[in-house]
Amino acid sequence: MGLLDGLLAQVTENVDVKNLAARVGLTPEQIESAVSALAQAHTAPTDTVTTAAASTGLSAETLQQIVAHIGGEGALANFASLLGQQGGVLGQLGGLAEGFFGKK
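Being a predicted model, the structure only gives us computed values, none of them experimental.

Draft legend 1. Broad picture of the environment of Val35. Secondary-structure assignment places Val35 in helix H3 (residues 28–42). In sequence terms Val35 and Phe79 are 44 residues apart; their C-alpha atoms lie 8.9 Å from each other.

Draft legend 2. How the structure looks around the packing of H3 against helix H5 (residues 60–70). It is at 11 Å that the axes of H3 and H5 come closest, and there the two elements cross at 85 degrees. Taken together, the axes of H3 and H5 lie roughly perpendicular to each other. On the side of H3, the interface is formed by Ile31, Ala34, Val35 and Leu38, while H5 contributes Leu63, Ile66 and Val67. Residues that form the contact of H3 with H5 fall into these classes: seven nonpolar, no polar and no charged.

Draft legend 3. Region of the structure containing the nonpolar core. Grouped together as the largest cluster of nonpolar side chains are 23 residues, with contacts concentrated most on Ile31, Leu38, Leu63 and Ile66. If you list the elements that add at least two residues to this core, you get helix H2 (17–24), H3, helix H4 (48–56), H5 and helix H6 (72–85). Looking at this core, the element that brings in the most residues is H3, giving seven residues.

About the thresholds
Residues numbered from 1 in each chain as written. Predicted model: local features only at pLDDT ≥ 70, side-chain atom pairs only at ≥ 80, totals over all residues. Heavy atoms only, no water. Helix = DSSP H or I, 4+ residues; strand = E, 2+ residues; numbered from the N terminus. Axes fitted to C-alpha atoms, helices over the stretch in contact; angles between N-to-C directions. Parallel < 35°, antiparallel > 145°, perpendicular 65-115°, else oblique. Contact = heavy atoms within 4.5 Å. Nonpolar A, V, L, I, M, F, W, Y, C, P; charged D, E, K, R; others polar. Core = buried A, V, L, I, M, F, W, Y, C linked by side-chain atoms within 4.5 Å. Buried < 20%, exposed > 50% of the residue type's maximum accessible area, 1.4 Å probe, protein only.

So far we have only geometry, and geometry alone does not tell us how the molecule works.
Quick look at the structure:
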């Protein structure tokens, strides 16, 4: 969770994966997968939450809570940008999300 915690710290204050997981009732691994899916979906021409919900199997309501906790759409855009700058990390996290939710 260290990489995701570090990136979240750059876009929002006082949010870490374990804390966020406890707030929304998910595991830290599910939060990592959800945030990755949200970041990937943010760059798509479709609705971010709806697209991420389809790829993760999590409800749109749960994903909306995550977006709110990380600081809204603006923070999500910053997060997506940071992931894109990490040289393949977005793909690695996306692969983790696919593996975690059994989707390929």
